[in-house]
Amino acid sequence: MKIAIGNDHAAVALKKEILAYLQEKGYEMINVGTDQETSFHYPVSGYRVAKMVAAGEADLGILICGTGVGISLAANKVKGIRCCVCSEPYTAKMSREHNNSNILAFGARVVGPDLAKMIVDEWLNAKFLGGRHQTRVDMIMEIEATQELKAAQE
Ligand code: RB5
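Residues numbered from 1 in each chain as written. Predicted model: local features only at pLDDT ≥ 70, side-chain atom pairs only at ≥ 80, totals over all residues. Heavy atoms only, no water.

Caption draft 1: How the structure looks around a nonpolar patch on the surface. On the surface, Val69, Leu73 and Val85 cluster together to form a nonpolar patch covering roughly 240 Å² of accessible area. Within the secondary structure layout, Leu73 lies in helix α3 (residues 69–75). (Patch = residues over 30% accessible without salt bridge, like charges linked within 9 Å, V, L, I, M, F, W, Y side chains within 5 Å. Areas by Shrake-Rupley, 256 points an atom, 1.4 Å probe, with all protein chains shown as cover. Salt bridge = Lys/Arg side-chain N within 4 Å of Asp/Glu carboxyl O. Helix = DSSP H or I, 4+ residues; strand = E, 2+ residues; numbered from the N terminus.)

Caption draft 2: How the structure looks around the packing of helix α1 (residues 12–24) against helix α5 (residues 113–125). The interhelical angle for the contact between α1 and α5, taken along N-to-C directions, is 45 degrees, at an axis separation of 11 Å. Classified by the interaxial angle, the pair formed by α1 and α5 is oblique. The handedness of the crossing between α1 and α5 is right-handed. For the pair formed by α1 and α5, the contact residues are Leu14, Glu17, Ile18, Tyr21 and Leu22 on the first element and Pro113, Ala116, Lys117, Val120, Asp121 and Leu124 on the second. Split into classes, the residues belonging to the contact of α1 with α5 amount to eight nonpolar, no polar and three charged. (Axes fitted to C-alpha atoms, helices over the stretch in contact; angles between N-to-C directions. Parallel < 35°, antiparallel > 145°, perpendicular 65-115°, else oblique. Left-handed = near helix turned anticlockwise from the far one by under 90°. Contact = heavy atoms within 4.5 Å. Nonpolar A, V, L, I, M, F, W, Y, C, P; charged D, E, K, R; others polar.)

Caption draft 3: Representation of the packing of aromatic side chains within the structure. Under the criterion given, the structure shown has zero aromatic pairs. When the ring centre of Trp123 is taken as reference, the NZ or CZ atom of Arg96 above it lies at 5.4 Å. (Phe/Tyr/Trp six-rings, centres within 6.5 Å; stacked < 30°, edge-to-face > 60°. Lys NZ or Arg CZ within 6 Å of the ring centre and 35° of its normal.)

Caption draft 4: Region of the structure containing the pattern of salt bridges. Considering all chains together, one arrives at three salt bridges under this definition. A salt bridge links Glu17 to Lys117; the nearest nitrogen and oxygen atoms lie 2.9 Å apart. One end of the pair, Glu17, is in helix α1; the other, Lys117, is in helix α5, and 100 residues separate them in sequence. Among the residues examined, Glu17 registers a relative accessible area of 34% and is labelled partly exposed. Since its relative accessible area comes to 18%, Lys117 is described here as buried. (Buried < 20%, exposed > 50% of the residue type's maximum accessible area, 1.4 Å probe, protein only.)

Structure follows, in structure tokens:
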């Protein structure tokens, strides 16, 4: 499985640790973030990872900034992206099972390396459950595609 990973200056050390951790587990990692701690605008990495996932050049993406918020907002502007900020493993697992998230985000100023690894593991091991959850994800994608939601007008 190919995973694109990106970050800003606030998350260089954690990005490197997660990258090495997942490489050791056999994932093919594509690093499109910064490796330097000089100021780096998080939307750049959010956009790069999101475009790779949306185009199918990566199966999934991981984004890390100070909080996970800014970089996830940027990623979610790309069509087809469902990027969720998760600061603990339960939400990470549910974001795949119920929301079919295709990018995971978290904050290097929020979670430490051990918790980040647990979050990543739960997320990668979870599978989308489909069924009623598919209906709801389809509604999210309808809003994205049309800026409307038919069910809200009924
Ligand atoms: C950078 O200082 C910080 O704003 C960024 O890493 C992130 O937390 C934004 O949401």
